[in-house]
Protein chains: 2
Amino acid sequence: MKDSKKRKSGVTSIKDIASEAGVAISTVSNVINETRFVADSTKEKVLDAIEKLNYRPNIIARGLRIKSTRAIGVILPDISSSFFSQVIYGIEEIARQRDYTMILGCTNFDYREEVKIANKLIDSFIDGLIFFSGFDNYEFIKKIYDRNIPIVVIDKALGDSEIPTVVIDNTAAVENCVDYLCSYNHKKICYVTFTGDNQTTVRQRYEGYLSGLKKNGIDFDPDLVLMSEEMRLNETASSYRIVKEFLKKGKLPTAFLTVADVFAYGVLRALFEEGFKVPEDISVMGFDNILFSQFTRPLLTTLKQQKRVMGNIAMNLLVDIIEGREVEDKTIIVPTSIVERESVSFARKK
Amino acid sequence: MKDSKKRKSGVTSIKDIASEAGVAISTVSNVINETRFVADSTKEKVLDAIEKLNYRPNIIARGLRIKSTRAIGVILPDISSSFFSQVIYGIEEIARQRDYTMILGCTNFDYREEVKIANKLIDSFIDGLIFFSGFDNYEFIKKIYDRNIPIVVIDKALGDSEIPTVVIDNTAAVENCVDYLCSYNHKKICYVTFTGDNQTTVRQRYEGYLSGLKKNGIDFDPDLVLMSEEMRLNETASSYRIVKEFLKKGKLPTAFLTVADVFAYGVLRALFEEGFKVPEDISVMGFDNILFSQFTRPLLTTLKQQKRVMGNIAMNLLVDIIEGREVEDKTIIVPTSIVERESVSFARKK
DNA sequence: GTGAAAGCGCTAACAC
DNA sequence: GTGTTAGCGCTTTCAC
């Protein structure tokens, strides 16, 4: 292991460059940041020294002074979800474009982790935060907001017009799904969802289911709601298991509407194993339109969320806030649409 | 917006606590870090002040002194991939356990991004790095390693026994797959892969295909290799398109072996649309065993990588290195196995 | 048991 | 056009 002559902290600092180049430390800083004019000859000496000593400025030390690191944090419950990762992709695009670094903090749907990670990021080096929360934690978010930390909340209506938010209209979206199904004559629509005690988004979707039924003159049947917390962790596997059991009870719906595509996959599998043909016997409709829904058998009809666009918007909003630009609209509602593929058709006659 | 009396940098610092509690800065530091004994009465005053001013120590400033932030960086090509996200999960488990924060940097398979993000993390606040590379960039990794930055490389054999690495034996694994297929009498095995010009892992798997054929006395037929760079970005969609075209040419294999499960999904779909039954007419075998392979039709027979375990091992290794523990084995090979499901059966008679 | 002060690597105001 | 120096928020010697 070869050691340099000087080894204060193991890493070359601006000071080393200054002495190597025989100039003042501020001069080095100035050539690095192009923050004031430096004579070409001096500049060259500095650049040479940097090259020679393989120097890289310490962003953190800079951040300590400058109070900005051009890094933003994204808190989310679960990276393995295709929905999240698509949104992330949208965030990243803008990060790159506007020269920020994106830091991901993943909470695995654990509320304490959420608080812990958010705090850790805030305490450290982050200029702002994008918050996908798994929970109803308005208080916590509000507290961050009140500390004047730039934040935008995504995929979760907060009911606070002050806090910047990017969402879809969940209730209307599910209502549209119900309308769509009804236009194919479905009257027995089984709704598959996780429990929403703790999650606005899930609750709003459920309301959409309810109001959709009402609007279409269908009586609500509690037996046709498959709601379980278990589905949170093992999404597809649980919906598969639950639907399979449900089918054995013999009370058949004409269609399944699921709160997410991943559940629809489980439904599809259960239906197949129990000998039902989709959509001839029973229709299935998803929600999200994640990538894989283009490869199921049959191809999945679903509600499309513009995930990448949501990420773009959220990140642009956040950076605007960080950089002090005027933000007119703080709550942004991204439109959704239905993608018609193969898994929904007319309800079988009784 | 309510302002505090003092608003130097907008955030309360250790100094504020010291003056609020009427003690020295160092005392505050000492109670926070429990780094030397402080009288109970003093301690209480400090704690009260912290509570009252809602103070949180600035990890970065600490890091600047201490040269450690207990954060590690993970560089990876693509978060949306199920394979990566499972490994990440394994990394995270250990991070939590050993009290580190995991920072994710995503490169979208862009080499310059890879360099840029890695450097940015290193220059900043990271204690170590886990590197999933999309590329053959031994030089770059070596340079990081030589800078004495704790690093472990995952999913990529480097051929340098010095640099800590967690991998599977790709060649042997694919060879096993070929053996397995041969045990079902397959002699025309079509191999679906992206190009490996730039990626050791992909190349090694291809070698496994070749050596597997040889070992089983099968002549190599170049027409049976579907190799394309296009599949990198649109994995499933591309494999679907390519296989569909291939099938129309009429030269039929008895089995498809794909370099990743995501490709197998495309193959499955193409086969279905072209009227082939799997596995009766043609068998399909994947590689990775990602979650979704339990829900395809038919269920996918595939080679299982222990993704979470790989993450666990890599992170433990990294933390051991960071904390200066002695590491005996620097190259760790994680075993693989074949998961038999429904998509492979005996080759049809010619 | 506690305080004063130096210093981590950097920027920016102020000098000249 | 360049140098000196204070200070960002923190830890850690060294005093007392």
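Look up a bit, the structure's there.
The written sequence of each chain sets the order in which its residues are numbered from 1. Written order determines the labels here, with chains lettered from A and ligands numbered from 1. With pLDDT at 70 or above as the cut-off, local features in this predicted model cover only qualifying residues; side-chain atom pairs require 80 or more to be listed or tallied, and sums for whole chains, interfaces and linings still use all residues. Excluding hydrogens and water, the side-chain figures rest on all heavy atoms present in the structure.

**Re the relation of the copies chain B and chain A**
Next, step 1: To superpose the copies, least squares is applied to the C-alpha atoms of every residue with a pLDDT of at least 70 in both. The transform that puts chain B on chain A rotates by 180° and translates by 0.1 Å along the axis, for an RMSD of 0.1 Å. A rotation of that kind, with that shift, is consistent with a two-fold axis.
Next, step 2: Of the interface residues in chain B, 100% have counterparts in chain A that sit at the interface too, so the contact is made through matching surfaces. When checking whether two residues touch, look at their non-hydrogen atoms; a contact exists if any pair is within 4.5 Å.

**A few points about the sheet that holds strand S7 (residues 225–227) of chain B**
All names here are of chain B.
Next, step 1: One open sheet holds the six strands; their spatial order is S7-S6-S8-S9-S10-S12, and the pairing between them is mixed. In this open sheet, the two edge strands, each paired with only one partner strand, are S7 and strand S12 (337–339). Pairwise comparison of adjacent strand axes, ignoring direction, gives a mean angle of 20° for this sheet.
Next, step 2: One ladder, built from four bridges, connects strand S9 (residues 283–288) with strand S10 (residues 301–304); its direction is parallel. Bridge assignment links methionine 285 to a residue of S10, and that residue is threonine 301. A pair of strands is labelled paired if DSSP reports no fewer than 2 bridges between them. The helix count covers DSSP runs of H or I at least four residues long, the strand count covers runs of E at least two residues long, and both are numbered beginning at the N terminus. Interaxial angles span 0 to 180 degrees and are taken between N-to-C directions of axes, which are lines fitted to C-alpha atoms, for helices over the stretch in contact.

**Description of the packing of aromatic side chains**
Next, step 1: Between the rings of Phe, Tyr and Trp (Trp by its six-membered ring), a pair exists once the centres lie within 6.5 Å; its type follows the angle of the planes, with under 30 degrees stacked, over 60 edge-to-face, and the other angles tilted. Within the structure shown, the criterion is met by 27 aromatic pairs over all chains.
Next, step 2: Taking the centre distance of 6.1 Å and the plane angle of 70° together, the rings of Tyr240(A) and Phe295(B) count as edge-to-face. One end of the pair, Tyr240(A), is in helix H10 (residues 235–248); the other, Phe295(B), is in the loop between S9 and S10, on a second chain.
Next, step 3: Exposure is judged per residue with a 1.4 Å probe applied to protein chains only, and the accessible area is read against the type maximum: over 50% gives exposed, under 20% gives buried, and values in between give partly exposed. In this structure Phe295(B) comes out as buried when scored by relative accessible area, which is 13%.
Next, step 4: One aromatic cluster in this structure is built from Tyr265(A), Phe292(A), Tyr265(B) and Phe292(B).
Next, step 5: Charge-over-ring placement is defined geometrically: NZ (Lys) or CZ (Arg) within 6 Å of the ring centre, and within 35 degrees of the ring normal. Over the ring of Phe194(A) we find Arg232(A), and its NZ or CZ is 4.2 Å from the ring centre.

**A closer look at the sheet that holds strand S1 (residues 71–76) of chain A**
All names here are of chain A.
Next, step 1: Spatial strand order, S2-S1-S3-S4-S5-S11: six strands in an open sheet with parallel pairing. Because the sheet does not close on itself, it has two edges, and the strands there are strand S2 (101–106) and strand S11 (331–333). Each adjacent strand pair in this sheet contributes to an overall mean axis angle of 15°, direction not counted.
Next, step 2: Inspection of the sheet shows S1 paired to S2 by six bridges, in the parallel sense.

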